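Listed below, chain by chain, are the residues.
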Amino acid sequence: MLPAARHQAIVDVVQRERVVRVSDLAQQLGVSLMTVRRDIELLEEGGKLERIHGGAKLPGDASTHEPGFEQKSTQLTAEKRAIAVEAAALVQEGMAVGLSAGTTTWALAKELVNGPPITVVTNSVRIADLFHHAASTGPARYSSTVILIGGQRTPSDALVGPIATSALKQLHLDLLFLGVHGMDSVAGFTTPNLLEAETDRAFVAAARRTVVLADHTKWGVLGISSIASLDDVDEVISDPGLGSDAQRVLQDRVGRLRLAPALGQPA
């Protein structure tokens with residue numbers, strides 16, 4: 001594909017998706033990541049789009065676009081599973097564990113259905129369905145209790161809003177695993193959905209300990225609404241693809257930064 005045609009194809013994708021990752025563009029166009037990055041730089045100079053960490057978005061867009069669950073669940077699956085395995089090791093029998101909605105917390109839920117019995121509090125329809133299916137089809141060891149809080153359903157299959165927030169104010173969690181849309185040194189942990197931000201803030205307030213699960217592409221991505229500052233969480237679990245600058249900021253600001261090694265690789 002000639003550069004001009006490739007540039008137009010990139011612009012078309014960004015206009016359609018609003019936010020797109022470099023890796024997805026490279027796969028769609030059949031070119032290298034470096035080629036896509038150079039193209040994005042040129043298109044940004046021409047005002048056609050705006051670079052973000054790991055991708056591009058519409059210029060001036062306030063990052064209110066919320067990708068659907070199906071789209072996000074096919075991205076960075078190996079990194080998400082490695083993060084999930086690392087996070088699952090923190091869970092002990094009898095804990096009250098919060099799982100916010102998201103594809104990385106969903107990956108964690110797939111690990112926890114085989115773990116010790118716990119009480120799960122979630123606003124994710126997908127996560128609740130996962131535990132329900134395990135309990136109805138698996139052996140007796142699937143004995144965890146699941147509390148699904150209600151609310152308005154989002155494109156990412158989260159239940160959010162005042163009903164969800166009110167329910168969380170009545171609960172006390174030993175441990176919260178929080179999925180986020182973006183991480184930023186100034187804005188902290190963010191989401192493109194205002195109601196989801198409010199619900200996630202209630203999750204954080206209900207938890208004795210908060211652990212953010214976020215792959216490396218979330219750094220530098222800015223959602224319109226902040227959930228918590230970097231200083232407000234106890235730990236971040238990411239992957240080795242996280243840049244050195246991001247690692248430095250997180251190590252300075254959060255209680256602990258843990259990079260989950262690729263499965264099969266030494267820790």
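All of these numbers come straight from a predicted model, not from anything done at the bench. (Residues numbered from 1 in each chain as written. Predicted model: local features only at pLDDT ≥ 70, side-chain atom pairs only at ≥ 80, totals over all residues. Heavy atoms only, no water.)

Along helix α2 (residues 22-29), the residues classified as buried are Val22, Asp24, Leu25, Ala26 and Leu29. Two residues or fewer after α2 comes Gly30, characterised by a positive phi angle close to 70°. (Buried < 20%, exposed > 50% of the residue type's maximum accessible area, 1.4 Å probe, protein only. Helix = DSSP H or I, 4+ residues; strand = E, 2+ residues; numbered from the N terminus.)

Now for helix α7 (residues 125-137). What sets the pattern is the α-helix's 3.6 residues per turn: residues three or four places apart point alike. Taking 1.5 Å of rise per residue, the 13 residues of α7 would be expected to cover 18 Å, and the 18 Å separating its terminal C-alpha atoms lies within 8% of that figure. Among all positions in α7, only Val125, Ile127, Ala128, Phe131 and Ala134 are buried. For α7, the elements touching its buried residues are β4 (96-99), α6 (103-112), β5 (119-122), β6 (145-148), β7 (152-153) and β8 (159-160). Capping the start of α7 is the job of one residue whose side-chain oxygen sits 3.3 Å from the backbone nitrogen of Arg126: Ser124. (Expected span 1.5 Å × (residues − 1). Contact = heavy atoms within 4.5 Å. Polar contact = N/O pair within 3.5 Å; in protein donor to acceptor, adjacent residues only side chain to side chain.)

The next point concerns the sheet that holds strand β9 (residues 175-179). Strand order in this open sheet of seven strands is β6-β5-β4-β9-β12-β14-β15, and the pairing throughout is parallel. Every other strand in the sheet has two partners, leaving β6 and β15 (257-259) as the edge strands with one partner each. Neighbour-to-neighbour, the strand axes of the sheet open up by a mean angle of 20°, direction not taken into account. Pairing of strand β14 (residues 235-238) with β15 involves three bridges; the strand directions are parallel. Note that in β15 the partner of Ile237 across the bridge is Arg258. With respect to the sheet, α6 is in contact with β4, β9 and β12 (210-213), its orientation differing from that of β9 by roughly 135°. Across the sheet, helix α9 (residues 194-206) lies against β4, β5, β9 and β12, angled at about 155° from β9, the strand it touches most. (Pairing = 2+ DSSP bridges. Axes fitted to C-alpha atoms, helices over the stretch in contact; angles between N-to-C directions.)

Note that Asp39 resides in helix α3 (residues 33-45). Residue Asp39 is classed as buried on the basis of its relative accessible area, which comes to 3%. Those residues in contact with Asp39 that sit more than four places away from it in its chain are Arg6, His7 and Ile10.

Tallied over the entire structure, the rule returns zero aromatic pairs. The side chain of Lys110 reaches across the aromatic face of Trp106, ending 4.1 Å from its centre. (Phe/Tyr/Trp six-rings, centres within 6.5 Å; stacked < 30°, edge-to-face > 60°. Lys NZ or Arg CZ within 6 Å of the ring centre and 35° of its normal.)

What follows is about the pairing of β12. Neither face of β12 is exposed, since Thr210 and Val212 on one face and Val211 and Leu213 on the opposite face are all buried. Where β9 lies against β12, four bridges are found, and the strand directions are parallel. Considered in β12, the bridge of Gly179 is made with Leu213. Looking at chain direction, β12 and β14 are connected through three bridges and run parallel. Within β14, the residue paired with Val212 across the bridge is Val236.

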